[in-house]
Amino acid sequence: MSRMILGDEQRDILIIGGGTMGLAIAIELALRGARPTVLSRQFREAALHAAAGMLAPQAEGLPAGAMWNLCTASRNLYPSWIEKLEQLTGLDAGYWPCGILAPVTDERQRDRTHPMEADSRWLDTSELANYQPGFAESVLGAWWFPQEGQVNTRNLAKVLVSAARLLGIEVIEGITVQRFQQTPQGEITALESDRGRWSAGIYILATGAWSQSLLPLPVTPRKGQMLALKPPGQPLLNHVIFGDQLYLVPRRSGKVVVGATSEDVGFQEGTTVAGLQALLNRATAVMPELANYEVIDTWWGYRPATPDDLPILGQGPAANLYLATGHYRNGILLAPITAKLMANLILHQTGDRHLKAFSWQRFQAPSETRA
Ligand code: GLY
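The structure presented is a predicted model; accordingly, all values stated were derived computationally and were not measured. Each residue is numbered by its place in its chain's sequence as written, counting from 1. Reporting in this predicted model follows two pLDDT cut-offs: at least 70 for local features of residues, and 80 or more for side-chain atom pairs to be given and counted; totals over whole chains, interfaces and linings ignore these cut-offs and use all residues. Values shown for side chains rest on all heavy atoms present in the structure; no hydrogens or waters enter the calculation.

**Details of the sheet that holds strand β7 (residues 141–145)**
Convention followed: Criterion used throughout: strands pair if DSSP finds at least two bridges between them. In DSSP terms, a helix is any run of H or I states spanning at least four residues, a strand is any run of E spanning at least two, and both are numbered starting from the N terminus. In this analysis an axis means a line fitted to C-alpha atoms, helices contributing only their contacting stretch, and an angle means the value between N-to-C directions, from 0 to 180 degrees. Any two residues whose heavy atoms approach within 4.5 Å at even a single point are treated as in contact.
As summarised here, the arrangement of the eight strands in space is β6-β7-β5-β14-β15-β16-β13-β17, forming an open sheet in which the pairing is mixed. Each edge of the open sheet is held by one strand with a lone partner, namely β6 (121–124) and β17 (294–305). Strand after strand, the sheet turns through a mean of 25° between neighbouring axes, direction not considered. The sheet contact formed by strand β14 (residues 240–243) and strand β15 (residues 246–250) spans three bridges and is antiparallel. Note that in β15 the partner of Ile241 across the bridge is Leu248. The strands that helix α6 (residues 273–286) touches are β5 (100–104), β13 (220–230), β14, β15, β16 (256–259) and β17; relative to β13, the one it contacts most, it runs at about 55°.

Take a look at the structure:
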């Protein structure tokens, strides 16, 4: 994936971060005729590898307003975005609009205050059994969100890497960007890294949970532990199940991804007994049959969290710097719209209206405007 080219050669556009956002933006820019270069520290660190890949604005209980609009617009872009990437690469991204069931074990949880789409509805236990057998007796029914679904993030990672390669995007792996160099007027002139100096006309920061190492943005890691289960026989799950601090994401292979903890522990590595035990307890409480499944994998990753749970998108604190970070729990969902709006903004200076609510300036005192 990497080409052994060191810096000090002018690029058109430098994207810092080779995860979901960095690659999705690079691909969109390249499809529109631009020539981005991606500088990536370590692809396997990206939140993409840890994510379950749910496409779930309703199940996640997102608030009405700009975030709801952004997330539903992105989910609606998914079929065409995936088709474009699959056609380009010939690979299967594992996109599956399988619908999401949100089971309820307490009568009070039936009342939803978050936005829902017109075709979403409540299923009582007898209807629910037709959609999905196997729920525990404590489940009183479930909300059904037919427009939601999932993408297999391990497949998507391969698709994004392959698309970038086929489009001739220069992706340089194993490089740590250390700081920006800028003029007194605040324009970025170069990046200093452990592999030299890099300069371009335009810079895009897409460094997720690690963003604070380059800019004083309030993006912090929120660790998620996860595991995967294999059924002993025929797969049981037909839909994503979204419960209380729990989701079960069935892949087409029959494997079930179980997520996720949400821990404010910095970049503390590894899975813990307490984390995995909590997930397994919640999973078997909702679906007892899962106790017979085999645990085949465990892993963890870092969501890029912001104080208001909204991403940071758009023009950055320098005229030639753009930001696409802090996607928190919704990075996979927001990849298509982030790529589209950022490309509109960078190449045509349009779309800023949609990005206004996500500006970094919402966290900043008015005088602090420099990178
Ligand atoms: N999107 C689910 C999670 O971040 O755990």
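**Observations concerning the nonpolar core**
Applicable threshold: Here, nonpolar core refers to any group of buried Ala, Val, Leu, Ile, Met, Phe, Trp, Tyr and Cys residues whose side-chain atoms link them within 4.5 Å. Only protein chains enter the accessibility calculation, which uses a 1.4 Å probe; a residue whose area is less than 20% of its type maximum is buried, one above 50% is exposed, and one in between is partly exposed.
Among the nonpolar cores identified, the biggest contains 55 residues, and Ile15, Leu29, Trp81, Leu156 and Ile204 are the most heavily contacted of them. Among the secondary structure elements, those contributing two or more residues to this core are β1 (10–16), α1 (20–31), α3 (66–89), α5 (153–166), β19 (321–325) and α7 (331–348). Among the elements that take part in this core, α7 stands out by supplying eleven residues, more than any other. Among residues more than four places away in sequence, those in contact with Ile204 are Ile13, Leu14, Ile15, Ile16, Ile25, Leu29, Tyr322, Met342 and Ile346. By size, the runner-up hydrophobic cluster in this structure holds 23 residues, among which are Leu123, Ala142, Leu236 and Val258.

**A closer look at a nonpolar patch on the surface**
In plain terms, the rule: Each patch is assembled from residues with relative accessible area greater than 30% and no salt bridge, linking like charges that lie within 9 Å and nonpolar side chains (Val, Leu, Ile, Met, Phe, Trp, Tyr) that lie within 5 Å. Only the protein chains shown count as cover for residues, and all accessible areas are computed by the Shrake-Rupley method using a 1.4 Å probe. Within this document, salt bridges are pairs made up of a side-chain nitrogen of Lys or Arg and a carboxyl oxygen of Asp or Glu, the two lying within 4 Å of each other.
Judged by side-chain polarity, Leu31, Leu88 and Leu166 come together as a nonpolar surface patch covering roughly 240 Å² of accessible area. With respect to the element layout, Leu31 can be found in helix α1. Owing to a relative accessible area of 39%, Leu31 belongs among the partly exposed residues under this scheme.

**Some details on the pattern of salt bridges**
Tallying each qualifying case throughout the model produces 13 salt bridges. A salt bridge links Glu28 to Arg32; the shortest N-O distance between them is 3.0 Å. Owing to a relative accessible area of 10%, Glu28 belongs among the buried residues under this scheme. The partly exposed category is assigned to Arg32, whose relative accessible area is 32%.

**Structural notes on the sheet that holds strand β3 (residues 54–55)**
Reading across the sheet, the three strands line up as β3-β8-β4 and stay open at both edges, with antiparallel pairing between neighbours. The open sheet terminates on both sides in strands that have one partner only, identified here as β3 and β4 (95–96). In terms of strand pairing, β3 meets strand β8 (residues 149–151) through two bridges, oriented antiparallel. For Met54, the partnering residue across the bridge sits in β8 and is Gln150.

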